[in-house]
Amino acid sequence: MNIAVFGAGAVGIYVGASLLAAGADVVLIGRARMRGQIASQGLLLSDLEGRRQRLEGDQVPYQESPSALAAADLILVTVKSADSAAAASAIAGWAKPAALVVSLQNGVGNIDTLRSLLAGRQVLAAMVPFNVVQMEGNRFHRASGGELMVEAAAGLEPWLALFRQAGLPLQQCQDIAAVQWGKLLLNLNNAVNALSGLALKSELSQRAYRRCLALLIEEALAVLRAAGIHPARIAKAGPRLLPALLRLPDAIFTRVAATMLKIDPEARSSMWQDLQARRLTEVDYLNGAIVRLAESLARDAPANRRITALVHAAEQGGLQPLSGAALYRALRA
Ligand SMILES: NC(=O)C1=CN([C@@H]2O[C@H](COP(=O)(O)OP(=O)(O)OC[C@H]3O[C@@H](n4cnc5c(N)ncnc54)[C@H](OP(=O)(O)O)[C@@H]3O)[C@@H](O)[C@H]2O)C=CC1
Ligand SMILES: CC(C)(CO)C(=O)C(=O)O
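Notes on the structure follow. The structure presented is a predicted model; accordingly, all values stated were derived computationally and were not measured.

Thresholds, definitions, all that
- Residues numbered from 1 in each chain as written.
- Chains lettered and ligands numbered in written order.
- Predicted model: local features only at pLDDT ≥ 70, side-chain atom pairs only at ≥ 80, totals over all residues.
- Heavy atoms only, no water.
- Axes fitted to C-alpha atoms, helices over the stretch in contact; angles between N-to-C directions.
- Helix = DSSP H or I, 4+ residues; strand = E, 2+ residues; numbered from the N terminus.
- Left-handed = near helix turned anticlockwise from the far one by under 90°.
- Contact = heavy atoms within 4.5 Å.
- Nonpolar A, V, L, I, M, F, W, Y, C, P; charged D, E, K, R; others polar.
- 1 Å grid on protein atoms, 1.4 Å probe; cavity = no way out; pocket = protein on both sides within 12 Å on 5 of 7 lines; lining within 4 Å.
- Points joined across faces, edges and corners; volume = space filled by probe spheres on them.
- Pairing = 2+ DSSP bridges.
- Near = heavy atom within 4 Å.
- Polar contact = N/O pair within 3.5 Å; in protein donor to acceptor, adjacent residues only side chain to side chain.
- Domains from an automatic or database assignment.

**With respect to the packing of helix α6 (residues 176-196) against helix α8 (residues 207-227)**
Link 1 in the chain: One can describe the packing of α6 onto α8 by two numbers: an axis separation of 10 Å at closest approach and a directional angle of 145 degrees. As for how α6 packs across α8, the hand of that crossing is right-handed. Only Tyr-209, Cys-212, Leu-213, Leu-216, Ile-217, Ala-220, Leu-221 and Leu-224 of α8 make contact with α6, whose side of the interface consists of Trp-181, Leu-185, Leu-188, Asn-189, Val-192 and Ser-196.
Link 2 in the chain: In terms of residue class, the contact of α6 with α8 is built from 12 nonpolar, 2 polar and no charged.

Structure follows, in structure tokens:
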């Protein structure tokens, strides 16, 4: 039984290489730059619980060509949101019709894009709760905790033991859309984190940034409520409690929300990683999804709209890191 990871960057390499290390037949499909780095240096898997597992370059099949999809029975899609359509057309062109496709992407719209371009195939949505950062020395570090959640389906049965063995147990759930909306609420922090220029832990330790996130989440919750969407609880605190929790003074927050700060000091949001690498970000698929949903209901989501514009300015290199106070002012302007 073969697995292909399509779009092997931070998440794809961590998940794919963990499966490989557990004995699975895995091929990673991605860019020449990453293939070169892995071929010459191999890679190291690490996590905040102290894992350190080295794979040499010749132990990691990494290809640029989507032709590697042809042998796959399971395809994990790990491209960023803007590349979902390209991923779907590669899968449509190369993969066996019976291959199971699982999206490990953030955002709520990727699954629809994949399904509409892969009609007749089984395409499941999943949610990655943890953070992966690529660090020096080709180290792929899982910098926070949590278990993968995936839409319940009989087709997952043959894969469950393997994922468990790889340290990535799959939690099946009935209402993945609610889970994805719940995750999206947390991902509203990606933009705050990217604009802060700070590591996640240090950003979330500062009330000034948490107030920005509280504003974004509160606004998003009002839009979801108006749309009749009930986001699932992803963090220890339920979605509706999050704004009040985030606004607590630092000394209290660090005590009552200790699990939220159980993140490696090195962890950075994927959006921060995109800005650093001068790539376009997923902001249109995260904060932008709230803005579009609001518009569809003839409402506005001004704070999410403003932060989306700020991230676009940062993508063009037109913005220095913002203090929490400056960002809050910009979101309320
Ligand atoms: N990083 C994290 O901590 C987390 C990320 N996620 C989500 O997971 C998804 C993946 O994120 P992440 O791993 O950080 O992203 P990365 O950008 O690190 O990895 C995606 C990789 O796919 C490559 N790619 C894009 N299009 C193609 C294509 N057509 N063929 C081959 N390769 C392609 C990209 O190359 P290039 O850049 O050159 O286009 C990139 O190397 C996103 O939706 C993200 O939001 C979810 C939870 C945590
Ligand atoms: C894990 C988390 C929430 C970290 O910010 C993430 O999803 C991301 O970086 O995109």
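Following the structure, the description resumes.
**Structural notes on empty space enclosed by the protein**
Unoccupied space between atoms shows up once a probe the size of one water molecule is rolled over them.
Link 1 in the chain: What the rule picks out here adds up to 3 cavities of 30 Å³ or more.
Link 2 in the chain: In terms of lining residues, the largest cavity is bounded by Leu-74, Leu-76, Val-102, Leu-104, Val-150, Leu-156, Phe-163 and Leu-170.
Link 3 in the chain: Class assignment of the residues belonging to the lining of the largest cavity gives a composition of 8 nonpolar, no polar and no charged.

**Structural notes on the sheet that holds strand β2 (residues 25-29)**
Link 1 in the chain: Read across the open sheet, the 8 strands follow the order β5-β2-β1-β6-β7-β8-β11-β12; overall the sheet is mixed. Of all the strands in the sheet, just β5 (62-63) and β12 (170-173) have a single pairing partner and so form its edges.
Link 2 in the chain: Sheet analysis places strand β6 (residues 74-77) next to strand β7 (residues 100-103), joined by 4 bridges and oriented parallel. Of the residues in β7, the one forming a bridge with Val-77 is Ser-103.
Link 3 in the chain: Packing against the sheet, helix α1 (residues 10-21) makes contact with β1 (2-6), β2, β5 and β6, and its axis sits at approximately 160 degrees to β2.
Link 4 in the chain: In this fold helix α3 (residues 84-94) packs onto β1, β6 and β7, with an angle of close to 165 degrees to the strand it touches most, β6.

**Here's the deal with the site of ligand 2**
Link 1 in the chain: Taken together, Asn-106, Pro-129, Phe-130, Asn-131, Lys-183, Asn-187, Asn-190, Leu-200, Ser-269 and Ser-270 make up all the residues around ligand 2.
Link 2 in the chain: Contacts to ligand 2 include Asn-187, whose side-chain N or O atom sits 2.9 Å from an oxygen atom.
Link 3 in the chain: In this structure, Ser-270 approaches ligand 2 through a side-chain N or O atom, which is 2.5 Å from an oxygen atom.
Link 4 in the chain: Broken down by element, the shell around ligand 2 gets its largest block of residues, 3 residues, from α6.
Link 5 in the chain: Within the shell around ligand 2, the residues separate by chemical class into 3 nonpolar, 6 polar and 1 charged.
Link 6 in the chain: Viewed by domain, the shell around ligand 2 spans two of them, domain 1 (2-174) and domain 2 (177-332), each represented by three or more residues.

Taken by themselves, the reported measurements are silent on function.
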